[in-house]
Amino acid sequence: MAGCCQWMKKQWESRAPVLFVIAVAMFVDCIQFTIIAPIAPALLYEMDYRNGNTTLKNSSGRYPDSSYDALSNVSHVDNSKNAPYHDQFFNESHRNHSECYAGKDFLNDENVRVGLLLAIKAFVQLLTNPIVGKLINRTGYDAPMFCGFIIVFISCLMFAFVNSYVLLCVARGLQGVGSAFTMVPAMGMLAHLFPDDAERGKAMGLAMSGIAVGVLAGPPFGSAMYEFVGKSSPFLVVAALAFIDGALQLCILKPTKLSPMSVPETPYRVLLTDPYIIVAAVGLCICNLSFGMLEPTIPIRMMETMCAPPYQLGLAFLPCVLSYLICLNLFAGLSQKIGRWLCIMLGMMVVGISVLFMPLAVNIYGLIAPQAALGIGFGLFETSMLPIMAYLVDLRHTSNYGGIYAISDIALCVGYALGPLCGGAIAKAIGFSWLMVILGIINIVYAPLFILLRSPPGKEEKKPVLSNEEKQEESEESRPFPTYATHRPESQADSLCLQK
């Protein structure tokens, strides 16, 4: 720990201000990303009720006209108190177990809409990442990152004031564009500033602490602010944080100065056909697919079976993110000693095992151990995955990091896009328990493939080894002009004459 503190003190004199700005940018992006996940079911529930689109069924499974009339009567009674219906729905202290299940059919149908809302961000980010990777080669890292701040700020304001599902989806898509313009330049800038592999791992661990804190603060902060202050309040706070981040970028970085990359880029086609990069990218996709499926399904599972109020929906992820935050810096040095490939493999196995235990929880306390184990697995996995991506491109290609981190972010986005979208639909079709079993098995089965990253060959190792004669023949054939007129034998004859 003392060594880490000394390293931080040394870096503060040179590169640490940039590292701080990157960590703040990642924090703002991730807290905005995680705020919406736990409150989305309650938010859509309130919107549907207020707009008269509720699909609550009665005990016979039909959609009677009296259902909406009954809800309307409740609304008229409670208008004087400014209490929305969803607060009554979640107030478990005044309801018995049977009344808590009154909206179970609606919540089950809500899986798909919540999943779509959460997945739109990743789909848009997936399409934007290659564009950002190409743009970095022409402008450098600073300008695209500042554009990301502007887009994130606008999307925060949209989330705060829109009142329809369609506009929420638009704001979520705009957030995806902002994330692409934030994450790809941020990771590329870190890899560029810290060329040494050991320093790079420590720097990325510290920068990713911003991600961990954002993920940690987002769900409980968003849930509490939504229930006790109002729908707009969490997004306005994040908009203020984004504005501070933009001011820091103007002071420390140079977003108005375009600095094209001096190192030639490696084409996406070459990177995507590299088998070692493919193994790493697919693993990154699967691991984030698991978390993406948990985000919408865990809150709905808690609402269906645990009668959980809104503030508990975000607290369920607290053990996961706390252990993730601790492990990011704890395993940064360990992964360098025992091997990044081993940390990645162990992390993916731990993720798979923890997912298998999720359905056994019957209350919020039963989720603590599986969620904490999930955070440890993600800490082991991501501490080594992002540095090993830069290491692979240094070893096998050119040290231009825009393309490799665009691919990394694409893999992450595929997981986060398919996760919420397919997770909600699969949970509705086969049940939450079977979904967790499938996810756990996929992670455990794929993890051993990371043995391939133990000692990947470099660029020079990809060429066949030639004998000395073949090398001489190849060098003579490659000469532009014949050299027999000025070759060594004549000079040797002249020396013999001089000796005589």
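Preceding this section is the structure that the text describes.
Keep in mind it's a predicted model, so treat the numbers as computed, not measured.

K.L.:
I keep staring at the packing of aromatic side chains and nothing clicks. Help me out?
P.N.:
In total, this model carries seven aromatic pairs according to the counting rule given. Judged by centre distance (5.4 Å) and plane angle (85 degrees), the rings of Phe291 and Phe378 are edge-to-face. With Phe291 in helix α12 (residues 275-305) and Phe378 in helix α16 (residues 368-396), this pair connects stretches of sequence that are 87 residues apart. Using a relative accessible area of 8% as the deciding quantity, one classes Phe291 as buried. When its relative accessible area of 5% is taken as the criterion, Phe378 is described as buried.

K.L.:
Which parts of the structure should I look at to understand a nonpolar patch on the surface?
P.N.:
Together, Ile353, Leu356, Phe357, Leu360, Ile441, Ile444 and Val445 give the surface a local cluster of nonpolar side chains, amounting to about 640 Å² of exposed area. Secondary-structure elements contributing two or more residues to the nonpolar patch are α15 (340-357) and α18 (432-446). Structurally, the position occupied by Val445 is in helix α18. When its relative accessible area of 59% is taken as the criterion, Val445 is described as exposed.

K.L.:
I keep staring at the pattern of salt bridges and nothing clicks. Help me out?
P.N.:
Side chains that carry opposite charge are capable of pairing whenever their charged atoms lie near each other. Taken as a whole and judged by the stated rule, the model has three salt bridges. Glu265 is the partner of Lys134 in a salt bridge, and the nearest nitrogen-oxygen pair spans 3.6 Å. With Lys134 in helix α6 (residues 104-139) and Glu265 in the loop between α10 (233-252) and α11 (268-272), this residue pair connects regions lying 131 residues apart in the sequence. Classification of Lys134 as partly exposed rests on a relative accessible area of 39%. Among the residues examined, Glu265 registers a relative accessible area of 36% and is labelled partly exposed. The partner of Arg200 in a salt bridge is Asp394, with the nearest N and O atoms 3.0 Å apart. Separated by 194 residues along the polypeptide, Arg200 in helix α9 (residues 197-228) and Asp394 in helix α16 bring together distant segments of the chain. Classification of Arg200 by relative accessible area gives buried; the value is 1%.

K.L.:
What's the story with the nonpolar core in this structure? I'm lost.
P.N.:
Nonpolar side chains in soluble globular proteins generally cluster together in the buried interior. Ile22, Ile298, Met302, Leu374, Met385, Tyr405 and Phe450 are the most contacted members of the largest nonpolar core, which has 101 residues in total. Here the element with the most residues in this core is α12; it accounts for 16 residues. Beyond its immediate sequence surroundings of up to four residues, Tyr405 is in contact with Val184, Met187, Gly188, Ala191, Met204, Leu386, Met389 and Ala390. In terms of nonpolar packing, the next biggest core, distinct from the first, is built from 33 residues, Val24, Phe27, Ala171 and Tyr226 among them.

K.L.:
I keep staring at α15 and nothing clicks. Help me out?
P.N.:
What sets the pattern is the α-helix's 3.6 residues per turn: residues three or four places apart point alike. The terminal C-alpha atoms of α15, which comprises 18 residues, lie 26 Å apart, in line with the 26 Å expected from a rise of 1.5 Å per residue. For α15, the complete set of buried residues consists of Arg340, Trp341, Cys343, Ile344, Met345, Gly347, Met348, Val351, Gly352, Ser354 and Val355. Contacts from the buried residues of α15 go to α9, α12, α14 (318-338), α16 and α18.

K.L.:
Quick question: what am I supposed to make of the side chain of Ser408 here?
P.N.:
In this structure, Ser408 sits in helix α17 (residues 401-430). Setting aside residues no more than four positions away along its own chain, Ser408 makes contact with Leu284 and Met389.

K.L.:
Explain the side chain of Gln32 here, please?
P.N.:
Looking at the element boundaries, Gln32 is found in helix α2 (residues 16-50). According to the relative accessible area criterion, Gln32 is buried, its value standing at 1%. Discounting chain neighbours no more than four positions away, the residues touching Gln32 are Val152, Ser155, Cys156, Phe159, Arg172, Gln175 and Val238.

K.L.:
Teacher, can you tell me more about the packing of α16 against α17 here?
P.N.:
Any two packed helices are characterised by the angle at which their axes cross and by the distance between the axes. Packing of α16 against α17 brings their axes to within 10 Å, and their N-to-C directions diverge by 140 degrees. The angle between α16 and α17 places the two elements in the oblique class. Crossing of α16 against α17: the hand is right-handed. Residues Leu386, Met389, Ala390, Val393 and Asp394 of α16 touch α17, and the partners they reach there are Tyr401, Ile404, Tyr405 and Ser408.

Parameters and conventions
Residues numbered from 1 in each chain as written. Predicted model: local features only at pLDDT ≥ 70, side-chain atom pairs only at ≥ 80, totals over all residues. Heavy atoms only, no water. Phe/Tyr/Trp six-rings, centres within 6.5 Å; stacked < 30°, edge-to-face > 60°. Helix = DSSP H or I, 4+ residues; strand = E, 2+ residues; numbered from the N terminus. Buried < 20%, exposed > 50% of the residue type's maximum accessible area, 1.4 Å probe, protein only. Patch = residues over 30% accessible without salt bridge, like charges linked within 9 Å, V, L, I, M, F, W, Y side chains within 5 Å. Areas by Shrake-Rupley, 256 points an atom, 1.4 Å probe, with all protein chains shown as cover. Salt bridge = Lys/Arg side-chain N within 4 Å of Asp/Glu carboxyl O. Core = buried A, V, L, I, M, F, W, Y, C linked by side-chain atoms within 4.5 Å. Contact = heavy atoms within 4.5 Å. Expected span 1.5 Å × (residues − 1). Axes fitted to C-alpha atoms, helices over the stretch in contact; angles between N-to-C directions. Parallel < 35°, antiparallel > 145°, perpendicular 65-115°, else oblique. Left-handed = near helix turned anticlockwise from the far one by under 90°.

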